[in-house]
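Next come the chains, spelled out residue by residue.
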Amino acid sequence: MKKTTTRLADGRELIYYDLRDDAVRGERDPRPLAPVATAAEIRHDRLLGDSVAIASHRQARTYHPPADECPLCPSRGGTSQAFGTGGGRHSEIPAPDYDVAVFENRFPSLAGDSGRCEVVCFTPDHDASFADLTEEHAALVLEAWTDRTAELSQLPGVEQVFCFENRGAEIGVTLGHPHGQIYAYPFVTPRTARMLTSVAAHREATGRNLFDDTVADELADGRRIILEGEHWVVFVPYAAHWPYEVHLYPKRRVPDLLALDDAARTEFPQLYLEVLRRFDRIFEGAGGGSGEPAAAARTPYIAAWHQAPPRAEHRGDFALHLELFTIRRTSGKLKFLAGSESGMNVFINDVPPEAAADRLREVASE
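The structure presented is a predicted model; accordingly, all values stated were derived computationally and were not measured.

Criteria and thresholds
Residues numbered from 1 in each chain as written. Predicted model: local features only at pLDDT ≥ 70, side-chain atom pairs only at ≥ 80, totals over all residues. Heavy atoms only, no water. Phe/Tyr/Trp six-rings, centres within 6.5 Å; stacked < 30°, edge-to-face > 60°. Helix = DSSP H or I, 4+ residues; strand = E, 2+ residues; numbered from the N terminus. Buried < 20%, exposed > 50% of the residue type's maximum accessible area, 1.4 Å probe, protein only. Lys NZ or Arg CZ within 6 Å of the ring centre and 35° of its normal. Salt bridge = Lys/Arg side-chain N within 4 Å of Asp/Glu carboxyl O.

**Q** How should the packing of aromatic side chains be read in this particular structure?
**A** Two aromatic rings are characterised by how far apart their centres lie and by the angle between their planes. With the rule as written, the count across this model stands at 20 aromatic pairs. Their ring planes at 70° and their centres at 5.4 Å tell us that F130 and Y272 sit as a pair that is edge-to-face. Taken as a pair, F130 in the loop between β6 (116-121) and α1 (135-153) and Y272 in helix α4 (residues 262-279) lie far apart in primary sequence, 142 residues in all. Pair check on accessibility: F130 and Y272 agree, each one buried. What links up through ring pairs into an aromatic cluster is the set F122, F130, W145, W232, F268, Y272 and W305. Positioned above the aromatic ring of Y16, the side-chain terminus of R25 is 4.7 Å from the ring centre.

Here you go:
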């Protein structure tokens, strides 16, 4: 893997991650961009103890552009300084091609003293999906996530790094190009704080690690196991919140992506790509089938890495894991967060986790 760091015309950082060590990245961003102006701030909810990011400038962000004006595609030749003029087209990626590219978001939810947001472009292919990547390319994305976690964790004021992917218009994605994001929060998120509290209480009550016990219980039960490798296990959790929700855990507990060993890094793309491909088949006819779904039929999902905050007390007790879930509950129907979920944060799941696991086993690749 070769890493090359450069700057866009407005000063934002851009990093290329290339599979080839001899890749040369000297392209200049010719766009006449004004410096990024953000209005991001963090406000504290005194009743709930939560932090809320207020980011009014995001109202002006790019919204469902046509494919030939996608800001995440490679730039094309020509003399244009922007999209659609002079026969060329210059995007957020000045290069005519790339493997993986990461850059600072032009419309960040978090900025300055309030954190940082980055965009991760998985592939130059606008019509592809993460599930279409080769294992080698998926491993490169994993390296990019790891490298960004390492660097962002060192920034002053950053308390948590969150790598994630939103896919599908139903999720709210405004750019169709396959990409993810990384948020560097100036606080520990409420979800992670709750996990840390539960882990500490379990340690106090039993002397054991809650994550270890959770994985061991799922392996012992077996009904919700989807895939098991030498270094990773994939299962639908016992109390799944979402209709189809899958968790991926390394069998050797580590706090974050940086701590994964080479064997776990090698095996991860094999299992993850298979899970993503099954997600794209779960709403097809029973029996699985081998046809690839059209882009419009792909299952919308959120894929979220959970890592220990870099400065958390007892961070070694935390377990790195990836949670993957869809808001689609059946073909053509979505799971909406209504009164109980949105008002009281009490989820009601229409799909029993055991039934979801059965379906995800049915649609295994042939």
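Here the narrative resumes, following the displayed structure.
**Q** What is the right way to read the pattern of salt bridges from this model?
**A** Two side chains bearing opposite charge may form a pair once their charged atoms approach each other closely. Tallied over the full model, the rule gives 36 salt bridges. Salt-bridge contacts for E104 lead to R116; the nearest nitrogen and oxygen are separated by 3.6 Å. Here E104 is found in strand β5 (residues 100-104), whereas its partner R116 is found in strand β6, with twelve residues between them in sequence. Across the pair, R116 and E104 agree in class, each one buried. The partner of E151 in a salt bridge is R148, and the shortest N-O contact between them spans 3.0 Å. A residue pair is termed a helical-turn pair when its members lie 3 or 4 positions apart in one helix, as E151 and R148 do in helix α1 at three residues. Classification of E151 by relative accessible area gives partly exposed; the value is 34%. Taken together, the shared-partner salt bridges in this structure form one network comprising K3, R7, E13, E104, R116, E118, D147, R148 and E151.

By themselves these figures say nothing about function.
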